[in-house]
Amino acid sequence: MGTTVFERQRPAASVVRHSLADTRHSVFWRDDLPESLLPDRPALVGTHRADLVIVGAGYTGLWTALLASERRPDARIVVLEGQRVGWAASGRNGGFCEASLTHGAENGMSRWPDEMPLLERLGMENLDAIEAAEAKYGMDFQFERTGELAPAIEPHQLAWLEEWAAEGEEGVVLLDQEAARAAVNSPTYLGAVWEQRTCGMLHPARLAAELARVCEERGVQIFERSPATGLDTSGPGVTVATRDGRVEAAHAVLATNVFPSLLKRNRLMTVPVYDYVLMTEPLSAEQMASIGWKDRQGIGDMANQFHYYRLTQDNRILFGGYDAIYHYGRRVRPEYENRPASWERLAGHFFTTFPQLEGLRFTHKWAGAIDTSTQFTAFFGTARDRRVAYAAGFTGLGVGPARFAGEVMLDLLDGVKNERTELEMVRKRPLPFPPEPAAAIGINATRWSLDRADHNQGRRNLLLKTLDALGLGFDS
Ligand SMILES: Cc1cc2nc3c(=O)[nH]c(=O)nc-3n(C[C@H](O)[C@H](O)[C@H](O)COP(=O)(O)OP(=O)(O)OC[C@H]3O[C@@H](n4cnc5c(N)ncnc54)[C@H](O)[C@@H]3O)c2cc1C
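Parameters at a glance
- Residues numbered from 1 in each chain as written.
- Predicted model: local features only at pLDDT ≥ 70, side-chain atom pairs only at ≥ 80, totals over all residues.
- Heavy atoms only, no water.
- Helix = DSSP H or I, 4+ residues; strand = E, 2+ residues; numbered from the N terminus.
- Phe/Tyr/Trp six-rings, centres within 6.5 Å; stacked < 30°, edge-to-face > 60°.
- Lys NZ or Arg CZ within 6 Å of the ring centre and 35° of its normal.
- Core = buried A, V, L, I, M, F, W, Y, C linked by side-chain atoms within 4.5 Å.
- Buried < 20%, exposed > 50% of the residue type's maximum accessible area, 1.4 Å probe, protein only.
- Contact = heavy atoms within 4.5 Å.
- Pairing = 2+ DSSP bridges.
- Near = heavy atom within 4 Å.
- Polar contact = N/O pair within 3.5 Å; in protein donor to acceptor, adjacent residues only side chain to side chain.
- Areas by Shrake-Rupley, 256 points an atom, 1.4 Å probe, with all protein chains shown as cover.
- Salt bridge = Lys/Arg side-chain N within 4 Å of Asp/Glu carboxyl O.

S.K.: Tell me what's going on with unusual backbone geometry, and back it up with residues and numbers.
M.R.: With an omega of 5 degrees, the peptide bond running from Glu436 to Pro437 counts as cis. Along the chain, Pro437 falls in the loop between helix H14 (424–427) and helix H15 (438–454). Positive phi, normally seen in glycine, also occurs at Trp293, with a value near 55 degrees. For Arg384, which is not glycine, the phi dihedral falls at a positive 50 degrees. Among the secondary structure elements, Arg384 is positioned in the loop between strand E18 (379–383) and strand E19 (388–392).

Here you go:
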């Protein structure tokens, strides 16, 4: 088997050790929130009545609440959050806000080729609406419309870049090795594509906190530490129960993503796959000059097991990805967030990418569960006579699509036919994952195959080709 650049140009063990010596196991984005954006909200006690009850206060639940309050300003809207607003994926992700609703054009083309022009337009409108939200609602989530840079870091990836650029999409620029390194100075770059318009960078925890703040200003009630334990539709509407209370509403939205669904039919639809992240200390002016990166793009390399990295407002570098760890039993558990081997690997890959930053330290390390579905993008639907709507399974690309999901769920509850609800992507559910042990065997075999492909000029083995042909797979 061949090697990757991260094995060929490995930094000294002492550099990695030094960089991780004082790193806190804590989510930088949450730590970076001002107290004013972290109000302690009450738990639900007693019986409440509402027009709409939303379970989950990540982006999906909060966008749904905000959009619902715009559609019907007089509606009573209650959000129930099991822990704290934005504590899960929405508060700890990379902050790449992409236009794509299909987990990339290639995935979309392979599944819904006829719908892609419409999906791309809707995705771009959705991204534009998120960008406009800061001014529209008076929010600050540090949005920067930088686009995304995709560097080739192995020779076989150069052909993929050329194919991509040859599609002739507007705003897609092919950079040769010199131009790629002039954009961001890494000796690993052999060339790159820069998609200039289809992605923005934002502060993930701020987006969640600001959505909650604006929702509350518009009269939405948010309860924290109030896990919903059941859905009852035996009466005229829907009742959502928590330990100490209940909400009786006309409609419910389930925005619980990778967590166990309140609907049995959705229990096998997603699996949690753990993704690991590091954040550096702020770079000095000299360190910034040594890497260039003046256009501040988000970066995702072209490997199957890819890294994503970006700058923060105070010029730290977030560096995440590569390892994607599935634990037998598909549970979300805090102990899965502690994986020193993944952080060490990431730190090593960081200094291969930017050897000129040797000596830099990581201040934060954390992990989160990726909301993986078999079609790599969200699925949607209604249940219980259209009193309940759900969307989940964004597969690591939900920052932008969560807002779109909110629009779709509200359309579905209203029973309207429009270009969103008529999409095949919205109407058809993907296949579920199999139960254990098949899920663990399948997912781990796929991961192993993707790693081998990265070490073997990108060549996909029989398992990957079969999964491709079936439209199934595993990604993060
Ligand atoms: C490390 C990491 C990096 C990522 N990077 C990116 C990226 O750069 N770009 C991108 O587009 N996407 C990224 N993602 C994915 C993205 O963060 C998610 O797709 C998105 O945040 C999903 O939002 P959500 O609201 O659906 O889910 P979540 O943020 O998970 O929110 C679901 C909420 O529901 C609550 N809940 C669950 N069950 C119940 C219940 N029974 N009762 C009450 N509350 C309940 C949970 O407590 C949680 O707060 C990343 C994810 C991770 C983990």
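S.K.: Break down the packing of aromatic side chains for me, citing the residues and quoting the values.
M.R.: In this structure the tally under the stated criterion is 17 aromatic pairs. Ring geometry for Trp87 against Phe259: centres 5.7 Å apart, planes inclined by 50 degrees, an arrangement best described as tilted. One end of the pair, Trp87, is in the loop between strand E3 (77–80) and helix H5 (89–92); the other, Phe259, is in the loop between strand E12 (245–254) and strand E13 (271–280), and 172 residues separate them in sequence. One aromatic cluster in this structure is built from Trp293, Tyr309, Phe319, Phe350, Phe351, Phe354 and Phe362. When the ring centre of Phe376 is taken as reference, the NZ or CZ atom of Arg111 above it lies at 5.4 Å.

S.K.: How would you sum up the nonpolar core? Please name residues and give values.
M.R.: Formed by 55 residues in total, the largest nonpolar core has its most connected members in Tyr59, Trp63, Leu202 and Phe380. Of all elements in the fold, only strand E2 (46–55), helix H4 (59–71), E3, helix H7 (116–137), helix H10 (204–217), E19, helix H13 (401–414) and H14 reach the threshold of two or more residues within this core. With 8 residues, H13 is the single largest residue contributor to this core. Non-local contacts of Tyr59, meaning those with residues more than four positions away in its chain, are made with Thr64, Ser90, Asn93, Leu202, Pro204, Leu207, Ala208, Leu211, Gly398, Val399 and Ala402. Phe6, Val15, Tyr274 and Leu283 belong to the second-largest nonpolar core, a separate cluster that totals 40 residues.

S.K.: Got a sec to walk through the sheet that holds strand E5 (residues 148–152)? Specific residues and values, please.
M.R.: Overall, mixed pairing links the 9 strands, which are arranged E1-E17-E13-E16-E15-E14-E5-E7-E6 in an open sheet. Across the chains shown, the open sheet's two edge strands, defined by having one partner strand only, are strand E1 (24–25) and strand E6 (172–176). As paired elements, strand E15 (residues 307–311) and strand E16 (residues 317–326) share 5 bridges and run antiparallel to each other. By the bridge assignment, Tyr308 is partnered in E16 with Gly320.

S.K.: Outline the site of the ligand, supporting the account with residue identities and numerical values.
M.R.: Neighbouring residues of the ligand: 37 residues in total, closest Thr60, Glu81, Ser90, Ala228 and Asp371. One of the side-chain N or O atoms of Thr60 is found 2.7 Å from an oxygen atom in the ligand. Between the ligand and the protein, one listed contact pairs a nitrogen atom with a backbone N or O atom of Phe96 at 2.8 Å. Considered on its own, the ligand offers 1,000 Å² of accessible surface; in the complex 96% of this is hidden by protein. Secondary-structure elements contributing two or more residues to the shell around the ligand are H4, H5, E13 and strand E17 (362–372).

S.K.: An account of the pattern of salt bridges is requested, with residue identities and associated values reported.
M.R.: A full pass over the atoms with the stated rule returns 36 salt bridges. With a shortest N-O distance of 3.0 Å, Arg243 and Asp244 are connected by a salt bridge. Classification of Asp244 by relative accessible area gives partly exposed; the value is 40%. Among the charged side chains, a network of salt bridges with common partners joins Arg71, Arg72, Arg403, Glu407, Asp411, Asp414 and Arg420.

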